[in-house]
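# Secondary and tertiary structure notes
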Amino acid sequence: MVKPKNVPSKKATVIQIPALHTELQQIPDPRQASGKRHPLAAMLAVACVAMLCGYRSPYAIAGWINNYGRGYLRRFGFTRERPPAQITWYRVLGQIDYVALEVRLAHWASQAVSALSSALDLRGIACDGKTLRGSAQQGAADTHLLSAVAHQLGITLAQLAVPDKTNEIGAIVELLSMLVLHGCVITTDALLTQVKVAEQILAGQGDYVFIVKENQPTLYADIKLLFDAPPPLPRGQQWPQAESYTAGHGRVEIRRLQASTALNAYLTWPGVQQVFRLERQITRQNHSTTEVVYGITSLSPARASAAQLLTFTREHWHIENKSHWVRDVTFDEDRSQLRRAHLPQVMAALRNATVSLLRAAGHTNVAQAVRFFAAQPEQAVALLALPIGE
């Protein structure tokens, strides 16, 4: 376990997080024994620390470790006098079995989330896809990635590459199999609102909050009709409702959610306990737009009020704000044009690990944290659970 020191985050000084370096040592090395000049675990550790300091590509990582002497090489576990050459970084990282890498990182992330969110009754997990655009434009294979991110913490729990000949629907089952679903609430966009997805979540003792659109035409029509022409209720009763208000950057958003159990006995959808109507009103520069979407959940009113459902639907988009946006803006993922072998997927996995490590250490502003570690690389080494002294 590692306890970050002298890092500008109150949370990091009181909560211990699992040692990421321990997991990196478990990654299988694809090289033959005769070709191993530099330990794989040492190279992966350098890659993560360099990324913590803002070095984004194999070329930049090679330059970062070249700035330091033998003491740093020994600390990371290198046995030779000189660090790997630039071409070695590209070759070795591109050979890594990225599926095995993702499995080990998922194991670390699960431990981190358990340590950091043990007090939460229901943990939200958002599932959504992201394309490595720069690599895709260069002809790299399997550049669309499907990931699962913890709502509140912003830690990536699992990620996999979606084969070019299929889509997210075909990959979501495998992604869910990488997660511990018990006590978790899975949120998705409408594309992944599928019967088999709901069945797998329930089989794992988890729950779901799905958005329903026209890709499920019968379900969509039934829920829409209920809220368009609601049946009469006894005097003094009304369906549960909740409302939220957010403002910032010239944008005001009001969300209103209304939930009902009226369709529970009618719908054949697996595990249905409530359906809901979500209205989003957004105002920018005195111009307002309103959008209405519908949803379905396996959470009963006793387990999730309308306000809690509203929170789950809003926090689903943390996967964009806390993961995808950070990877693109702070780590330049979309502009990366890596295409060799598994290099795009491996670098994406290491970016996820870096962002998740920062989130676990309590950093809400990743760009600011990267600038801090660039000025104090010893703290980046400590965060990875490597020894600080020689």
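Just so you know, these numbers come straight off a predicted model, no measurement behind them.

The rules we used
- Residues numbered from 1 in each chain as written.
- Predicted model: local features only at pLDDT ≥ 70, side-chain atom pairs only at ≥ 80, totals over all residues.
- Heavy atoms only, no water.
- Helix = DSSP H or I, 4+ residues; strand = E, 2+ residues; numbered from the N terminus.
- Rg over C-alpha atoms; globule rule 2.2 N^0.38 Å.
- Buried < 20%, exposed > 50% of the residue type's maximum accessible area, 1.4 Å probe, protein only.
- Contact = heavy atoms within 4.5 Å.
- Lys, Arg positive; Asp, Glu negative; His and termini not counted.
- Charge placed at Lys NZ, Arg CZ, Asp CG, Glu CD.
- Polar contact = N/O pair within 3.5 Å; in protein donor to acceptor, adjacent residues only side chain to side chain.
- Phe/Tyr/Trp six-rings, centres within 6.5 Å; stacked < 30°, edge-to-face > 60°.
- Pairing = 2+ DSSP bridges.
- Salt bridge = Lys/Arg side-chain N within 4 Å of Asp/Glu carboxyl O.
- Core = buried A, V, L, I, M, F, W, Y, C linked by side-chain atoms within 4.5 Å.
- Axes fitted to C-alpha atoms, helices over the stretch in contact; angles between N-to-C directions.
- Disulfide = S-S within 2.5 Å.
- pLDDT = per-residue confidence, 0-100.

### Some details on the overall build of the chain
Looking only at helices and strands, the chain features 15 helices and 9 strands. Its C-alpha atoms give the chain a radius of gyration of 23 Å, near enough to 21 Å, the size a compact globule of 390 residues would have. A principal-axis box enclosing the C-alpha atoms of the chain has dimensions of 80 × 45 × 40 Å. Across the 390 residues in the chain, those meeting the buried criterion constitute 53%. In the chain, once contacts between residues fewer than 6 apart in sequence are set aside, the share between residues at least 24 apart is 63%. If the 39 positive side-chain charges of the chain are averaged to one point and the 29 negative ones to another, these points end up 8 Å apart.

### Examining the side chain of threonine 187
Relative to the helices and strands, threonine 187 resides in strand E4 (residues 184–188). Looking at threonine 187, the relative accessible area reads 2%, which means it is buried. Here the side chain of threonine 187 touches histidine 316 through a polar contact of 2.8 Å, side chain to side chain. Residues in contact with threonine 187, not counting those within four places in the same chain, are Ile125, Ala126, Cys127, His151, Val209, Phe312 and His316.

### Some details on the packing of aromatic side chains
Scanning all chains against the criterion turns up 10 aromatic pairs. Centroid distance phenylalanine 227 to tryptophan 239: 5.4 Å. Interplanar angle 75°. Geometry classified as edge-to-face. One end of the pair, phenylalanine 227, is in helix H10 (residues 217–228); the other, tryptophan 239, is in the loop between H10 and strand E6 (241–248), and 12 residues separate them in sequence. The exposure class of phenylalanine 227 is buried, given its relative accessible area of 9%. Since its relative accessible area comes to 10%, tryptophan 239 is described here as buried. An aromatic cluster is defined as three or more aromatic residues linked by ring pairs; in this entry it consists of Trp64, Tyr68, Tyr72 and Phe76.

### Side note on the pairing of E6
In terms of strand pairing, E6 meets strand E7 (residues 251–260) through 8 bridges, oriented antiparallel. If you follow tyrosine 245 over to E7, its bridge partner there is isoleucine 254. Taking the residues that link successive antiparallel strands as the turn, the E6-E7 hairpin has 2 residues, and the phi of histidine 249 there is positive, at about 55°.

### A closer look at the pattern of salt bridges
This structure, assessed with the given rule, holds 21 salt bridges. Across the pair lysine 130 and glutamate 333 runs a salt bridge whose closest N-O atoms are separated by 2.7 Å. Within this pair, whereas lysine 130 is found in strand E1 (residues 123–131), its partner glutamate 333 is found in the loop between helix H12 (318–329) and helix H13 (343–360), the two being separated by 203 residues in sequence. For glutamate 333, a relative accessible area of 1% translates into the label buried.

### Considering the nonpolar core
By size, the foremost hydrophobic cluster in this structure holds 106 residues, and its most contacted members are Phe76 and Ile296. Top contributing element to this core by residue count: helix H2 (residues 40–52), with 12 residues. Once residues lying within four places of it in the same chain are set aside, the contact partners of isoleucine 296 are Tyr208, Val209, Phe210, Val212, Leu219, Leu267, Trp269, Val272, Gln274, Val275 and Phe276. Core analysis: the second largest hydrophobic core is formed by 16 residues, Ala190, Ile211, Leu257 and Leu310 among them.

### As for the sheet that holds E4
Hydrogen bonding along the main chain pairs the strands of a sheet, whether they run parallel or antiparallel. In space, the 9 strands of this open sheet follow the order E3-E2-E1-E4-E5-E9-E8-E7-E6, with mixed pairing throughout. Sheet topology places strand E3 (156–162) and E6 at the edges, where each strand pairs with a single neighbour. Strand-to-strand, the axes of this sheet are offset by a mean angle of 20°, without reference to chain direction. Direction of pairing for strand E5 (residues 207–212) relative to strand E9 (residues 287–297): antiparallel, over a ladder of 4 bridges. Across the sheet, the residue bridging to isoleucine 211 is glycine 295, located in E9. Packing against the sheet, H10 makes contact with E5, E7, strand E8 (274–284) and E9, and its axis sits at approximately 115° to E9.

### A short note on the state of the cysteines
This model, assessed by the stated rule, comprises 0 disulfides. Between cysteine 127, a cysteine without a disulfide, and cysteine 184, which holds the nearest cysteine sulfur, the sulfur-to-sulfur distance is 10 Å. Residue classification places cysteine 184 among the buried residues on the basis of a relative accessible area of 6%.

### A closer look at the environment of leucine 309
Tracing the backbone through its elements, the reader meets leucine 309 in helix H11 (residues 306–315). The exposure class of leucine 309 is buried, given its relative accessible area of 0%. Sequence-wise, leucine 309 and glycine 295 are 14 residues apart; in three dimensions their C-alpha atoms are separated by 9.7 Å. Setting aside residues no more than four positions away along its own chain, leucine 309 makes contact with Val209, Leu257, Ala259, Gln274, Phe276, Thr297, Leu299 and Ala304.

### Section: the environment of isoleucine 65
If you trace the backbone, isoleucine 65 turns up in helix H3 (residues 58–66). Residues isoleucine 65 and glycine 77, 12 residues apart in the sequence, show an inter-C-alpha distance of 13 Å. Excluding residues that lie within four positions of it along the chain, isoleucine 65 makes contacts with Val46, Leu73, Phe76, Pro83 and Trp89.

### Let's talk about the confidence of the model for the chain
Here the chain averages 91 in pLDDT, and 94% of its residues register 70 or above. No element of the chain has a lower mean pLDDT than helix H4 (residues 70–76), which averages 89, and none a higher one than E5, which averages 98. Predicted confidence for residues 1–14 stays below pLDDT 50, and this span has 35 contacts to residues more than four positions away or in other chains.

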